[in-house]
Amino acid sequence: MSDDARTLVLALAGLVVGAVLGWFVRSWVLRRRLHRKQRFFGLPKESECLLVVPRDAGARGWSLARHDAFALLELAAVIKECGAHAEVLAHDTAWQGFGARTEFCIGGPQANLRLAAHLRSMLPGIEINADPAPGPEQGAIGVGGETYRLEKGAVEYVLLARLAAARDSGNDRPVFLSSGQVGIANQAAVRYLARHHVRLARKHGVDATFCLLLRVVNSQAYGSDVVELVADVTKAAVAAKPVPKVSRPDRSPAT
(Lines give C-alpha, C1' and ligand atoms only; values in the text may rest on other atoms or scores of the structure.)
Protein backbone atom coordinates (compact mmCIF):
# COMPACT_ATOMS: atom_id res chain seq x y z
CA MET A 1 0.00 0.00 0.00
CA SER A 2 1.41 3.37 -0.98
CA ASP A 3 1.89 6.19 1.51
CA ASP A 4 -0.94 8.18 -0.10
CA ALA A 5 -3.35 5.28 0.16
CA ARG A 6 -2.34 4.63 3.77
CA THR A 7 -2.86 8.29 4.63
CA LEU A 8 -6.28 8.24 2.98
CA VAL A 9 -7.31 5.10 4.87
CA LEU A 10 -6.14 6.54 8.19
CA ALA A 11 -7.97 9.81 7.50
CA LEU A 12 -11.19 7.95 6.68
CA ALA A 13 -10.82 5.80 9.79
CA GLY A 14 -10.29 8.91 11.88
CA LEU A 15 -13.41 10.49 10.42
CA VAL A 16 -15.48 7.37 11.16
CA VAL A 17 -14.19 7.13 14.74
CA GLY A 18 -14.81 10.85 15.27
CA ALA A 19 -18.33 10.59 13.86
CA VAL A 20 -19.14 7.61 16.08
CA LEU A 21 -17.74 9.31 19.17
CA GLY A 22 -19.63 12.49 18.31
CA TRP A 23 -22.86 10.51 17.95
CA PHE A 24 -22.33 8.81 21.32
CA VAL A 25 -21.52 12.10 23.05
CA ARG A 26 -24.53 13.85 21.50
CA SER A 27 -26.81 10.95 22.44
CA TRP A 28 -25.46 11.00 26.00
CA VAL A 29 -26.02 14.76 26.30
CA LEU A 30 -29.57 14.49 24.95
CA ARG A 31 -30.40 11.58 27.29
CA ARG A 32 -28.96 13.45 30.25
CA ARG A 33 -30.94 16.58 29.33
CA LEU A 34 -34.13 14.57 28.98
CA HIS A 35 -33.50 12.82 32.29
CA ARG A 36 -33.10 16.16 34.08
CA LYS A 37 -36.29 17.44 32.46
CA GLN A 38 -38.18 14.31 33.49
CA ARG A 39 -36.86 14.63 37.04
CA PHE A 40 -37.72 18.34 37.31
CA PHE A 41 -41.28 17.78 36.09
CA GLY A 42 -41.63 14.45 37.90
CA LEU A 43 -42.49 12.76 34.61
CA PRO A 44 -40.47 9.58 34.03
CA LYS A 45 -41.29 7.63 30.89
CA GLU A 46 -44.76 6.02 30.86
CA SER A 47 -45.75 7.84 34.06
CA GLU A 48 -49.13 9.48 34.64
CA CYS A 49 -49.87 13.10 35.53
CA LEU A 50 -52.93 15.19 36.33
CA LEU A 51 -54.04 18.42 34.67
CA VAL A 52 -56.48 20.07 37.09
CA VAL A 53 -58.43 22.97 35.62
CA PRO A 54 -61.50 25.05 36.50
CA ARG A 55 -64.75 24.78 34.63
CA ASP A 56 -65.67 27.53 32.19
CA ALA A 57 -68.27 29.50 34.11
CA GLY A 58 -69.82 30.85 30.92
CA ALA A 59 -70.54 27.49 29.31
CA ARG A 60 -73.13 24.78 29.82
CA GLY A 61 -71.79 21.50 31.05
CA TRP A 62 -68.07 20.89 31.50
CA SER A 63 -65.73 22.81 29.21
CA LEU A 64 -62.48 24.74 29.37
CA ALA A 65 -61.97 28.47 29.13
CA ARG A 66 -59.97 29.58 26.09
CA HIS A 67 -56.74 30.50 27.86
CA ASP A 68 -56.86 27.39 30.07
CA ALA A 69 -57.01 25.30 26.89
CA PHE A 70 -53.98 27.17 25.52
CA ALA A 71 -52.12 26.50 28.78
CA LEU A 72 -52.84 22.77 28.44
CA LEU A 73 -51.43 22.83 24.90
CA GLU A 74 -48.19 24.28 26.28
CA LEU A 75 -48.03 21.47 28.84
CA ALA A 76 -48.92 18.79 26.29
CA ALA A 77 -45.63 19.31 24.45
CA VAL A 78 -43.65 18.93 27.71
CA ILE A 79 -45.55 15.79 28.72
CA LYS A 80 -45.12 14.21 25.30
CA GLU A 81 -41.37 14.89 25.22
CA CYS A 82 -40.99 13.27 28.64
CA GLY A 83 -42.88 10.20 27.40
CA ALA A 84 -45.63 10.55 30.01
CA HIS A 85 -49.43 10.50 29.86
CA ALA A 86 -51.96 13.02 31.14
CA GLU A 87 -55.46 12.98 32.57
CA VAL A 88 -57.53 16.16 32.56
CA LEU A 89 -59.78 16.65 35.61
CA ALA A 90 -62.18 19.38 36.68
CA HIS A 91 -61.03 21.02 39.90
CA ASP A 92 -64.01 19.75 41.89
CA THR A 93 -63.51 16.11 40.89
CA ALA A 94 -59.79 15.72 41.72
CA TRP A 95 -60.30 13.91 45.02
CA GLN A 96 -56.90 12.43 45.71
CA GLY A 97 -53.79 13.04 47.73
CA PHE A 98 -50.60 14.91 47.04
CA GLY A 99 -47.48 13.43 45.48
CA ALA A 100 -48.78 10.18 43.98
CA ARG A 101 -48.77 11.70 40.49
CA THR A 102 -47.30 14.89 39.11
CA GLU A 103 -49.99 17.53 39.06
CA PHE A 104 -50.40 20.75 37.09
CA CYS A 105 -53.05 22.91 38.78
CA ILE A 106 -54.20 25.95 36.80
CA GLY A 107 -56.49 28.87 37.68
CA GLY A 108 -57.09 31.29 40.52
CA PRO A 109 -58.31 30.10 43.94
CA GLN A 110 -61.80 31.50 43.32
CA ALA A 111 -62.21 29.21 40.27
CA ASN A 112 -60.04 26.22 41.21
CA LEU A 113 -60.89 24.79 44.64
CA ARG A 114 -58.03 22.30 44.60
CA LEU A 115 -55.52 25.07 43.87
CA ALA A 116 -57.01 27.07 46.75
CA ALA A 117 -56.45 24.06 49.04
CA HIS A 118 -52.82 23.75 47.89
CA LEU A 119 -52.24 27.44 48.63
CA ARG A 120 -53.70 27.17 52.12
CA SER A 121 -51.77 24.06 53.10
CA MET A 122 -48.40 24.58 51.40
CA LEU A 123 -48.07 28.31 50.67
CA PRO A 124 -49.71 29.87 53.75
CA GLY A 125 -47.80 33.13 53.37
CA ILE A 126 -49.79 34.06 50.27
CA GLU A 127 -53.06 35.95 50.41
CA ILE A 128 -55.25 36.33 47.32
CA ASN A 129 -58.42 38.40 47.30
CA ALA A 130 -61.00 35.98 45.89
CA ASP A 131 -63.95 38.35 46.28
CA PRO A 132 -65.84 38.27 42.93
CA ALA A 133 -67.16 41.80 43.43
CA PRO A 134 -65.47 44.32 41.10
CA GLY A 135 -63.09 46.74 42.77
CA PRO A 136 -59.44 47.78 43.02
CA GLU A 137 -58.63 44.86 45.33
CA GLN A 138 -60.22 42.17 43.16
CA GLY A 139 -57.65 39.43 42.55
CA ALA A 140 -54.93 41.29 44.48
CA ILE A 141 -52.00 39.09 45.55
CA GLY A 142 -50.38 39.73 48.91
CA VAL A 143 -47.01 38.22 49.79
CA GLY A 144 -43.97 39.35 51.73
CA GLY A 145 -45.70 42.50 52.94
CA GLU A 146 -46.41 43.70 49.39
CA THR A 147 -49.71 43.81 47.50
CA TYR A 148 -49.85 43.33 43.74
CA ARG A 149 -53.03 44.67 42.16
CA LEU A 150 -54.56 43.86 38.82
CA GLU A 151 -54.58 46.43 36.00
CA LYS A 152 -56.50 44.44 33.43
CA GLY A 153 -54.89 44.47 30.00
CA ALA A 154 -51.90 46.45 31.27
CA VAL A 155 -50.31 44.65 34.25
CA GLU A 156 -51.49 41.21 35.41
CA TYR A 157 -49.74 39.07 38.01
CA VAL A 158 -49.48 35.32 38.37
CA LEU A 159 -47.89 32.99 40.91
CA LEU A 160 -45.89 30.09 39.47
CA ALA A 161 -44.92 27.45 42.01
CA ARG A 162 -43.34 24.02 42.18
CA LEU A 163 -44.24 22.16 45.36
CA ALA A 164 -42.02 19.20 46.17
CA ALA A 165 -43.34 16.30 48.23
CA ALA A 166 -41.24 14.64 50.91
CA ARG A 167 -39.00 12.09 49.22
CA ASP A 168 -39.27 9.64 52.13
CA SER A 169 -43.07 9.55 51.89
CA GLY A 170 -43.17 7.20 48.90
CA ASN A 171 -45.29 9.76 47.02
CA ASP A 172 -42.67 12.21 45.80
CA ARG A 173 -44.11 13.70 42.61
CA PRO A 174 -44.32 17.51 42.51
CA VAL A 175 -47.30 19.80 42.10
CA PHE A 176 -47.06 22.82 39.79
CA LEU A 177 -49.37 25.75 40.44
CA SER A 178 -50.28 28.60 38.12
CA SER A 179 -52.48 31.06 40.01
CA GLY A 180 -53.13 34.11 37.86
CA GLN A 181 -55.33 37.14 38.26
CA VAL A 182 -56.78 36.47 34.78
CA GLY A 183 -56.78 33.51 32.40
CA ILE A 184 -54.14 34.88 30.05
CA ALA A 185 -51.73 35.19 33.00
CA ASN A 186 -52.06 31.44 33.63
CA GLN A 187 -51.23 30.73 30.00
CA ALA A 188 -48.21 33.04 30.25
CA ALA A 189 -46.95 31.32 33.42
CA VAL A 190 -47.22 27.84 31.91
CA ARG A 191 -45.37 29.03 28.81
CA TYR A 192 -42.68 30.55 31.05
CA LEU A 193 -42.32 27.24 32.89
CA ALA A 194 -42.01 25.26 29.65
CA ARG A 195 -39.47 27.65 28.14
CA HIS A 196 -37.30 28.26 31.22
CA HIS A 197 -37.38 24.91 33.03
CA VAL A 198 -33.64 24.39 32.47
CA ARG A 199 -32.77 27.71 34.11
CA LEU A 200 -35.26 27.10 36.91
CA ALA A 201 -33.77 23.66 37.60
CA ARG A 202 -30.25 25.09 37.71
CA LYS A 203 -31.23 27.87 40.10
CA HIS A 204 -33.59 26.02 42.42
CA GLY A 205 -32.63 22.38 41.89
CA VAL A 206 -34.57 19.59 40.23
CA ASP A 207 -36.26 18.48 43.48
CA ALA A 208 -36.88 21.81 45.21
CA THR A 209 -39.91 23.88 46.12
CA PHE A 210 -40.06 27.40 44.72
CA CYS A 211 -42.64 30.13 44.20
CA LEU A 212 -42.19 32.94 41.69
CA LEU A 213 -44.23 36.07 41.09
CA LEU A 214 -44.49 36.91 37.39
CA ARG A 215 -45.92 39.95 35.64
CA VAL A 216 -47.65 39.88 32.25
CA VAL A 217 -47.13 43.22 30.51
CA ASN A 218 -49.69 44.82 28.18
CA SER A 219 -51.56 41.63 27.36
CA GLN A 220 -54.12 43.56 25.32
CA ALA A 221 -51.36 44.25 22.79
CA TYR A 222 -48.85 41.42 23.26
CA GLY A 223 -51.00 38.58 24.55
CA SER A 224 -49.12 36.15 26.78
CA ASP A 225 -45.71 36.70 25.20
CA VAL A 226 -44.22 39.46 27.39
CA VAL A 227 -43.62 38.05 30.87
CA GLU A 228 -41.29 39.44 33.52
CA LEU A 229 -40.02 37.90 36.74
CA VAL A 230 -40.99 40.22 39.58
CA ALA A 231 -39.54 38.30 42.52
CA ASP A 232 -38.72 34.92 44.00
CA VAL A 233 -41.20 34.87 46.89
CA THR A 234 -40.52 31.31 48.08
CA LYS A 235 -39.35 32.24 51.57
CA ALA A 236 -42.34 34.49 52.28
CA ALA A 237 -44.83 32.11 50.64
CA VAL A 238 -43.91 29.04 52.70
CA ALA A 239 -43.70 30.94 55.99
CA ALA A 240 -46.58 30.22 58.33
CA LYS A 241 -48.70 33.16 59.37
CA PRO A 242 -48.30 34.16 63.01
CA VAL A 243 -51.09 32.92 65.23
CA PRO A 244 -52.85 35.88 66.86
CA LYS A 245 -52.70 35.94 70.61
CA VAL A 246 -56.03 35.62 72.37
CA SER A 247 -56.36 37.76 75.45
CA ARG A 248 -57.83 35.97 78.41
CA PRO A 249 -59.90 37.74 81.05
CA ASP A 250 -58.28 38.22 84.40
CA ARG A 251 -59.86 35.65 86.74
CA SER A 252 -58.01 36.65 89.87
CA PRO A 253 -60.32 36.79 92.88
CA ALA A 254 -61.72 40.14 93.71
CA THR A 255 -60.35 41.79 96.77
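Everything numeric in this text was worked out from a predicted model, so none of it was measured.

Asker: Run through the sheet that holds strand β7 (residues 155-163), naming residues and quoting values.
Answerer: Within a sheet, neighbouring strands are paired by backbone hydrogen bonds and run either parallel or antiparallel to one another. One open sheet accounts for 7 strands, arranged β2-β1-β3-β8-β7-β9-β10; its pairing is mixed. Looking at the sheet topology across the chains shown, the edges are occupied by β2 (85-90) and β10 (227-232). Strand-to-strand, the axes of this sheet are offset by a mean angle of 20°, without reference to chain direction. Two elements, strand β1 (residues 48-53) and strand β3 (residues 102-106), share 4 bridges in a ladder whose sense is parallel.

Asker: I'd love a proper account of the environment of Leu 163, names of residues and values included.
Answerer: Within the secondary structure, Leu 163 sits in strand β7. For the pair Leu 163 and Glu 103, spaced 60 residues apart in sequence, the C-alpha to C-alpha distance is 9.7 Å. The contacts of Leu 163, once residues within four sequence positions are left out, are Phe 98, Met 122, Leu 123, Pro 174, Val 175, Leu 177 and Thr 209.

Asker: Requested: an account of unusual backbone geometry, with residues and values cited.
Answerer: Phi angles above zero are rare outside glycine, and Glu 46 is one such case at about 70°. When you line up the elements, Glu 46 lands in the loop between α1 (3-41) and β1. One non-glycine residue, Asn 218, adopts positive backbone phi at about 50°. Following the sequence through the fold, Asn 218 ends up in the loop between β9 (210-217) and α5 (219-222). Note on Asn 218: relative accessible area 22%, which makes it partly exposed.

Asker: Can you lay out the packing of helix α2 (residues 66-82) against helix α4 (residues 183-204) for me, pointing to particular residues and giving the numbers?
Answerer: Packing of α2 against α4 leaves a shortest axis separation of 8 Å and a crossing angle of 10°. For the element pair α2 / α4, the angle class is roughly parallel. Each of His 67, Asp 68, Phe 70, Ala 71, Glu 74, Leu 75 and Val 78 in α2 lies in contact with α4, whose residues at this interface are Gly 183, Ile 184, Asn 186, Gln 187, Val 190, Arg 191 and Ala 194. Along the lines of polarity and charge, the residues of the contact of α2 with α4 split into 7 nonpolar, 4 polar and 3 charged.

Asker: Which residues make up the pattern of salt bridges, and what values do they have?
Answerer: Per the counting criterion, the structure on display carries 9 salt bridges. Here Glu 74 makes a salt bridge to Arg 191, at a shortest N to O gap of 2.8 Å. One end of the pair, Glu 74, is in helix α2; the other, Arg 191, is in helix α4, with 117 residues separating them in the sequence. Residue Arg 191 is classed as buried on the basis of its relative accessible area, which comes to 14%. For Arg 114, the salt bridge goes to Glu 103, with nearest N and O atoms at 2.8 Å.

Procedures and definitions
Residues numbered from 1 in each chain as written. Predicted model: local features only at pLDDT ≥ 70, side-chain atom pairs only at ≥ 80, totals over all residues. Heavy atoms only, no water. Pairing = 2+ DSSP bridges. Helix = DSSP H or I, 4+ residues; strand = E, 2+ residues; numbered from the N terminus. Axes fitted to C-alpha atoms, helices over the stretch in contact; angles between N-to-C directions. Contact = heavy atoms within 4.5 Å. Buried < 20%, exposed > 50% of the residue type's maximum accessible area, 1.4 Å probe, protein only. Parallel < 35°, antiparallel > 145°, perpendicular 65-115°, else oblique. Nonpolar A, V, L, I, M, F, W, Y, C, P; charged D, E, K, R; others polar. Salt bridge = Lys/Arg side-chain N within 4 Å of Asp/Glu carboxyl O.

Structural measurements only, silent on function.
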